[in-house]
Amino acid sequence: MPQARSPMDILKLFDKSNCRQCNEPTCLAFAAAVFKGRKPISDCPRVDKELAEAFGGQPVEQPRTSEQEIEAFMHRLQEKISGVDLAAAADRLGAKYENGRLTLKVLGKNVSVDADGKLYSDIHTNPWIAVPILTYIIDGAGKPPSGQLVPFRELKNGGPGYGLFRQRCEKPLKKIADTDIELFTNLLDIFNARPTEHLDADIARVMHPLPRVPMMICYWKAEEGFDSNLQLYFDKVADENLNVQSINAMGAGIARMFEKLAEKHGLPQSEAERQRA
Ligand code: SF4
């Protein structure tokens, strides 16, 4: 399969007429979209057919890192949003619709989405949070929570993705709690996580990353002979409102938001953050 090192390598394949049949303003913009994996090369009707077939109608270069992958996925979801009736989706999902935007509560704060899939909010959103929000709007069933909470791995199809979830979400959150429990509690307050009780957990809070997708966060301090622990729980029907991959991304997004705020308050960057910087 041909490989491109930059959008300019792809640009060479087009006639540079800027005819806009690919729905991009210029051939260069389309070349950049193909390079980033947002569009298949076959979207250009003027490109040589054999060449398009050689690329299998797929993006020229697949995203190389999980950050690029999630960004490309977010762009695909933004394109899908244009086909969604946002007013009807708001009714279904416990959200509001006004002036062409659907507004829902994410961690207690308003986040609005327009027909282009653009997000507007006072909170800093990242693609890891944008993906679950857009997926919830496109596919969410709007099912009321059952009230029964289970760990991620007990969600339908949660088992295979649990290792990644633990790595991207539970471990970074546990590290913040281990390092500065007061700061961790303050961050939970910032995101409107309300206290609850769960077994013998030292901290048990319920937060709402999405209106019908509650999440309980439990932390146990280290005790003689036992390491500390942090575990997240979701409603048993959460995967009907948000698929498990998006719940996984949501967990990673929340962990990143906590890490960013913790860093602002003087906590050293985690190894994962240093690698992403
Ligand atoms: S359809 Fe092809 S030729 Fe036309 S603007 Fe897009 S890339 Fe350029």
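Residues numbered from 1 in each chain as written. Predicted model: local features only at pLDDT ≥ 70, side-chain atom pairs only at ≥ 80, totals over all residues. Heavy atoms only, no water.

**Points about the sheet that holds strand β9 (residues 229–235)**
So the rule is basically this: A pair of strands is treated as paired once DSSP finds two or more bridges between them. To qualify as a helix, a DSSP run of H or I must reach at least 4 residues; to qualify as a strand, a run of E must reach at least 2; elements of each kind are numbered from the N terminus.
Taken in spatial order, the five strands line up as β5-β9-β8-β7-β6 in an open sheet, and their pairing is antiparallel. At either margin of the open sheet sits one strand with a lone partner, and together these are β5 (149–151) and β6 (194–195). Alignment of β5 against β9, held across three bridges, turns out to be antiparallel. Residue pairing in the sheet places Leu 149 in a bridge with Asp 235 of β9.

**Here we look at the environment of Gln 21**
We apply this condition: Type-normalised accessible area, obtained with a 1.4 Å probe on protein chains alone, sets the label of each residue: buried when under 20%, exposed when over 50%, and partly exposed for intermediate values. Working rule for contacts: check all heavy atoms of both residues, and any pair within 4.5 Å makes them a contact.
Structurally, Gln 21 can be placed in the loop between α1 (7–11) and α2 (27–35). We classify Gln 21 as partly exposed; its relative accessible area is 47%. Linking Gln 21 and Cys 44, residues 23 residues apart in sequence, is a C-alpha distance of 6.8 Å. Ignoring sequence-local partners within four residues, the contact set of Gln 21 consists of Asp 43, Pro 45 and Arg 46.

**A short note on the nonpolar core**
Basically, it comes down to this: Throughout this description, the term nonpolar core refers to a set of buried Ala, Val, Leu, Ile, Met, Phe, Trp, Tyr and Cys residues connected via side-chain atoms within 4.5 Å.
Residues Leu 104, Ile 137, Phe 184, Phe 234 and Phe 258 are the most contacted members of the largest nonpolar core, which totals 62 residues. Per-element accounting of this core gives the leading share, ten residues, to helix α10 (residues 244–264). The contacts of Phe 258, once residues within four sequence positions are left out, are Leu 173, Ile 176, Phe 184, Leu 187, Leu 188, Phe 191 and Met 207. Of all hydrophobic cores here, the second largest spans twelve residues; its members include Phe 14, Ala 31, Val 34 and Val 47.

**Some points on the pairing of β9**
In terms of residue burial, β9 counts as a mostly covered element, since six of its seven residues are buried. Summarising the sheet, strand β8 (residues 213–220) and β9 pair through six bridges and their orientation is antiparallel. By the bridge assignment for β9, Cys 218 is matched with Gln 231.

**Focus on the environment of Asp 43**
Structurally, Asp 43 is set in the loop between α2 and α3 (49–54). Residues Asp 43 and Phe 30, 13 residues apart in the sequence, show an inter-C-alpha distance of 9.0 Å.

**Description of helix α8 (residues 181–190)**
The following threshold applies: As used here, the arc is the angular range of directions from the helix axis to the C-beta atoms. Here a polar contact means two N or O atoms within 3.5 Å. Within protein one must be a hydrogen donor candidate and the other an acceptor candidate, and residues neighboring in sequence count only if both atoms are side-chain atoms.
Of all the positions in α8, only Leu 183, Phe 184, Leu 187 and Leu 188 are classed as buried. Projection of α8 onto a plane perpendicular to its axis shows the buried side chains occupying an angular sector of 145°, all on one side. Looking at the buried side of α8, the elements it contacts are α7 (162–179), β7 (203–210), β8, β9 and α10. Capping of α8 at its N-terminal end is provided by Asp 180; its side-chain oxygen lies 3.2 Å from the backbone amide nitrogen of Glu 182.

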